[in-house]
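# Report on the structure
Okay, here's what each chain looks like letter by letter:
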Amino acid sequence: MYWLLKQIARTGIVTEPAPRADEALRRLEQQLGATILKHFGRSLAIRHVDAGSCNGCELEIHAANGPHYNLERLGIKFVASPRHADMLLVTGPVSRNMETALKRTYAATPEPKLVVAIGDCGCTGGIFGESYASCGRVANVIPVDVAVPGCPPPPTAIIQGILTAVSAATR
Amino acid sequence: MGPAMNQLPLQGRPIAGAMPAFHAAVEAGELRGLCQQARTQQARLVALWGSDETVRGGGYALHLALALPAGLLWLSVPLAREHPSYPGIADIYPCADRMQRAARDLVGMLAQGDSDQRKWLRHGAWPGDVFPLRKEFDIASSCPPVDDHYPFVKVEGEGVHEIPVGPVHAGTIEPGHFRFSIVGEKILRLEQRLGYTHKGIEKRFETMTLEEGAKLAGRVSGDSTVAYAWAWAMAVEGATGTEPASRSLALRGILLELERIANHLGDLGYLGNDVALSFGFFQFWRLKEDLLRLNAELFGHRYLMDLVVPGGVARDLPRGEAERLLARLESIEREVATLKSIYDEHAGAQDRFIMTGQVLPELAEKMGLTGFAGRASGVNHDLRADFPIPPWQQLPVRVASHIRGDVAARVAVRFDEVSESMRLVRALVHLLPPGEVRVPLVACPGGRRGVGWVEGWRGEVLIALETAEAGRIHRAHPHDSSWQNWPLLERAVMGNIVHDFPLINKSFNLSYSGQDL
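The shown structure was predicted, so the numbers you read here are calculated from the model rather than taken from an experiment.

Another point: the overall build of chain A. Secondary structure summary: chain A contains six helices and five strands in total. Secondary structure elements in chain A, listed N-terminal to C-terminal, are α-α-β-α-β-β-α-β-α-β-α. Within chain A, contacts between residues separated by at least 24 positions form 83% of all contacts whose residues are at least 6 apart in sequence.

Here it is in structure tokens:
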């Protein structure tokens with residue numbers, strides 16, 4: 001226990017300042033009122049759905065929850081069920097084998113809700129594209145508010161995408 | 001006749017490339033006898049897949065890759081154009097079961113015998129009489145959805161109930177379905193259903209050139225991108241007869257070990273988290289992040305994607321940066337040593353780790369457990385040590401191993417592998433020969449074979465490649481060690497409590513995407 005406490009004290013706080021919202025990532029006109037977003041912005045529950053990724057984007061979502069980025073300090077928390085979620089964070093091209101599960105997860109998420117598509121595959125279908133096995137980009141299956149490109153997008157870009165979705169459009 | 005076959009009655013031809021590999025064609029009637037003989041000689045089944053040979057004047061073909069002491073033996077079994085079938089081998093090699101079912105779903109070849117005949121990678125996206133990896137099937141076709149019925153094995157008895165989990169899981173992980181049969185808190189049986197991330201990777205390869213394929217290979221399983229890209233490069237270099245630059249081989253070694261360190265660090269953190277030691281998560285993910293940032297600074301990508309390419313590597317270690325790499329690794333290594341002693345002496349963590357999710361060596365050997373999980377259960381294979389090709393030739397790899405096969409053993413092996421990888425990176429940096437890092441690919445006719453076989457952080461990665469005319473791909477089969485290890489996870493959880501499942505699962509950390517393709 002002594003060594004554990006010593007290690008904690010020695011490490012200190014490594015968390016860095018959070019990025020700001022980036023309007024360039026927005027795909028849909030903001031559908032939620034500023035008041036709702038104000039609430040969302042203070043405490044946001046996210047359900048992650050891997051709809052067929054290569055698992056690269058998952059690595060960066062994990063990293064966003066790590067100490068350098070510390071997503072939870074912004075009031076943003078990953079939850080275990082879509083029924084508890086305000087936002088779906090969707091990775092991958094949507095495989096046809098995940099199409100139904102993704103639609104059901106979307107339906108199970110209470111209104112009002114936001115969807116952020118993560119990664120080149122989520123944005124465009126990426127290298128896997130559309131095929132007998134892949135529906136391509138997430139927006140081909142459910143409505144997407146914000147899409148974050150990158151293969152995989154680094155944690156700051158993911159956080160930026162989330163913050164963009166919960167900030168009222170300034171346009 | 002190659003030395004690989006000296007104990008099997010075969011005429012094999014060497015396959016050119018970095019790894020020792022041989023090819024032989026055998027008739028379906030000889031298959032079971034050969035497999036039985038191979039099994040008694042401790043040969044491992046690495047992969048099983050199918051191909052459509054109708055465009056090359058044949059019917060279909062079944063392919064097997066066996067690991068023998070002298071190298072990889074690639075067996076091809078020609079099958080008829082009408083109703084292709086072959087005698088199944090899942091009773092000889094249990095890990096063949098799911099691979100046989102996948103070959104049926106994708107190519108339409110039937111394994112005869114009393115093995116499991118349920119579909120595997122096919123869900124509702126295409127009907128049972130359509131086979132996407134047949135040449136006549138267009139990748140862009142979209143079949144109307146069909147009913148996706150899958151008969152799970154039912155466990156019955158007083159107090160037995162089921163917990164269905166997934167495909168959308170509670171954590172940030174890939175999708176799959178787990179059907180637990182439970183009595184009280186205890187797991188009687190776990191049945192997995194995978195294939196949710198099937199996105200047509202093998203079919204996609206057939207629309208690409210050999211060079212383009214590198215990028216897709218690096219995305220079969222994102223966490224193993226270096227291992228796959230290297231296996232792809234090795235297969236292409238073998239098939240085309242390209243000799244990669246020797247400096248690039250040492251750089252590939254460095255990249256592969258950095259990938260191993262990063263993944264082990266991340267999982268060691270999650271293993272702490274799963275036993276309520278969130279201290280471990282934050283500490284290890286701090287170190288992992290330090291390493292990822294170093295990767296980005298030195299090589300331009302946090303996960304080292306698209307760096308290994310056919311012919312060499314896309315980017316050299318910047319001049320004068322070797323010292324920075326070594327200094328950062330040294331500071332990570334020091335911290336890992338501190339964390340290891342904290343884990344080792346933490347009674348709560350050890351209580352959860354020890355004797356949880358055990359796979360005994362006998363079962364591991366029988367079922368073909370591989371990679372670091374295999375080494376934690378006494379199955380001591382490591383391609384870097386078994387076939388020390390460059391850069392391992394000058395640098396013998398010390399294989400980490402354990403025999404208890406529980407979560408604690410997998411944790412111990414991961415800690416050992418982190419320090420061994422640190423040693424290897426240091427040695428490789430000092431061995432780094434001067435010169436260029438990439439050579440152009442030699443043009444390649446159709447009908448050539450190439451084998452890429454690399455010990456990734458999770459286990460061995462195989463790329464079996466057959467070329468088509470004009471530098472294109474006739475068939476490429478990427479194989480992840482997760483095919484072998486998923487069924488052992490079903491066995492590892494038996495008799496454990498449901499709440500230990502996430503811990504046991506994370507201790508293996510298998511790839512869904514790498515298996516679903």
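Still to come is the rest of the account.
A word on the pairing of strand 4 (residues 114–118) of chain A. Residue and element names in this part refer to chain A. Of all five residues in strand 4, five are buried, a share of seventy percent or more. Two elements, strand 3 (residues 87–91) and strand 4, share five bridges in a ladder whose sense is parallel. Across the sheet, residue V90 finds its bridge partner in strand 4, namely A117. One crossover worth recording links strand 3 to the parallel strand 4 by way of helix 4 (residues 96–108), and it is right-handed. Bridge analysis of strand 4 against strand 5 (residues 146–148) gives three bridges, and the strand direction is parallel. Looking at the pairing, V116 lines up with V146 of strand 5. Where the polypeptide runs from strand 4 across helix 5 (residues 119–124) and back to strand 5, its parallel neighbour, the crossover connection is right-handed.

Backbone hydrogen bonds hold the strands of a sheet together, and the pairing may be parallel or antiparallel. All names here are of chain B. The strand order across the open sheet built from three strands is 13-14-15, with neighbouring strands paired in antiparallel fashion. Each having just a single partner strand, strand 13 (449–455) and strand 15 (472–480) make up the two edges of the open sheet. Adjacent strand axes in the sheet meet at a mean angle of 15° when their direction is disregarded. Relative to strand 15, strand 14 (residues 460–468) is paired through eight bridges, and the arrangement is antiparallel. When the bridges of strand 15 are listed, L465 appears paired with A476. Helix-sheet contacts for helix 5 (residues 225–240) involve strand 13, strand 14 and strand 15, and the interaxial angle to strand 13 is about 150°.

Attention now goes to unusual backbone geometry. A:C151 connects to A:P152 through a cis peptide bond whose omega is -15°. Counting through the fold element by element, A:P152 comes out in the loop between strand 5 and helix 6 (155–165). A cis amide bond, omega 15°, links B:G166 with the succeeding residue B:P167. Along the chain, B:P167 falls in the loop between strand 8 (160–165) and strand 9 (177–183). Of note, B:L304 is a non-glycine position whose phi angle comes to about 65°, a positive value.

All names here are of chain B. Structurally, the position occupied by L110 is in strand 7 (residues 110–112). Separated by 239 residues in the primary sequence, L110 and A349 have C-alpha atoms spaced 47 Å apart. The contacts of L110, once residues within four sequence positions are left out, are S85 and R104.

Here we take up the sheet that holds strand 8 of chain B. All names here are of chain B. Strand order in the open sheet formed by three strands is 8-9-10, with antiparallel pairing between adjacent strands. The two strands at the open ends of the sheet, each matched to only one other strand, are strand 8 and strand 10 (186–193). With direction set aside, neighbouring strand axes in the sheet form an average angle of 20°. When strand 9 meets strand 10, the two strands line up antiparallel, connected through seven bridges. Each bridged residue has a counterpart across the sheet, and for F180 the counterpart in strand 10 is L190.

Bringing the pairing of strand 14 of chain B into the picture now. One face of the sheet, then the other: side chains in a regular strand alternate in exactly this way. Residues and elements named next belong to chain B. With eight of nine residues buried, strand 14 lies mostly within the body of the structure. Bridge count for strand 13 against strand 14 is seven bridges, and the pairing is antiparallel. The residue of strand 14 that forms the bridge with W453 is L462. Connecting the antiparallel pair strand 13 and strand 14 is a turn made up of four residues. Joining the antiparallel neighbours strand 14 and strand 15 is a turn of three residues, in which A470 adopts a positive phi near 60°.

All names here are of chain B. Assigned domains within chain B: domain 1 (3–112) and domain 2 (201–491). Each of domain 1 and domain 2 has a C-alpha centre, and the two are 26 Å apart. On the side of domain 2, 22 residues touch domain 1, which itself brings 24 residues to the contact. Every element with two or more residues in the side of domain 1 that touches domain 2 is listed here: strand 2 (21–25), strand 3 (44–52), strand 4 (60–68), strand 5 (71–79) and helix 2 (96–107). Classifying every residue of the side of domain 1 that touches domain 2 by side-chain character gives 17 nonpolar, five polar and two charged.

The next subject is the environment of A:M98. One can find A:M98 in helix 4. Residue A:M98 is classed as buried on the basis of its 32 C-beta neighbours within 10 Å. Linking A:M98 and A:G52, residues 46 residues apart in sequence, is a C-alpha distance of 6.9 Å. For A:M98, the contacting residues outside a window of four places in its chain are A:A51, A:G52, B:P167, B:P175, B:Y196 and B:T197.

With that settled, the discussion passes to the interface of chain B and chain A. On the chain A side, the residues contacting the 47 residues of chain B number 40 residues. Of all elements in the fold, only helix 3 (201–205), helix 4 (213–217), helix 7 (278–299) and helix 8 (322–345) of chain B reach the threshold of two or more residues within the side of chain B that touches chain A. Take the side of chain B that touches chain A: its biggest share by element is seven residues, from helix 7 of chain B.

Listed as buried for helix 1 (residues 28–40) of chain B are B:L34, B:C35 and B:A38. In the core, the buried residues of helix 1 of chain B are packed alongside strand 4 of chain B.

Next up on the list: the environment of B:A327. Residue and element names in this part refer to chain B. Residue position: A327 is located in helix 8. Owing to 11 C-beta atoms within 10 Å, A327 belongs among the exposed residues under this scheme. Sequence separation of A327 and A38 is 289 residues, and the distance between their C-alpha atoms is 47 Å.

Before going further, it helps to examine the packing of helix 3 (residues 56–64) of chain A against helix 6 of chain A. Residues and elements named next belong to chain A. Packing of helix 3 against helix 6 brings their axes to within 8 Å, and their N-to-C directions diverge by 80°. Taken together, the axes of helix 3 and helix 6 lie roughly perpendicular to each other. Residues E60, I61, A63 and A64 of helix 3 form the contact with helix 6, whose participating residues are P155, I158 and I159. The residue inventory of the contact of helix 3 with helix 6, partitioned by class, reads six nonpolar, no polar and one charged.

Rules of the game
- Residues numbered from 1 in each chain as written.
- Chains lettered and ligands numbered in written order.
- Predicted model: local features only at pLDDT ≥ 70, side-chain atom pairs only at ≥ 80, totals over all residues.
- Helix = DSSP H or I, 4+ residues; strand = E, 2+ residues; numbered from the N terminus.
- Contact = placed C-beta atoms within 7 Å.
- Buried ≥ 20, exposed ≤ 12 C-beta atoms within 10 Å, placed from the backbone.
- Pairing = 2+ DSSP bridges.
- Right-handed = clockwise from strand over helix to strand, strands pointing away.
- Axes fitted to C-alpha atoms, helices over the stretch in contact; angles between N-to-C directions.
- Domains from an automatic or database assignment.
- Nonpolar A, V, L, I, M, F, W, Y, C, P; charged D, E, K, R; others polar.
- Parallel < 35°, antiparallel > 145°, perpendicular 65-115°, else oblique.

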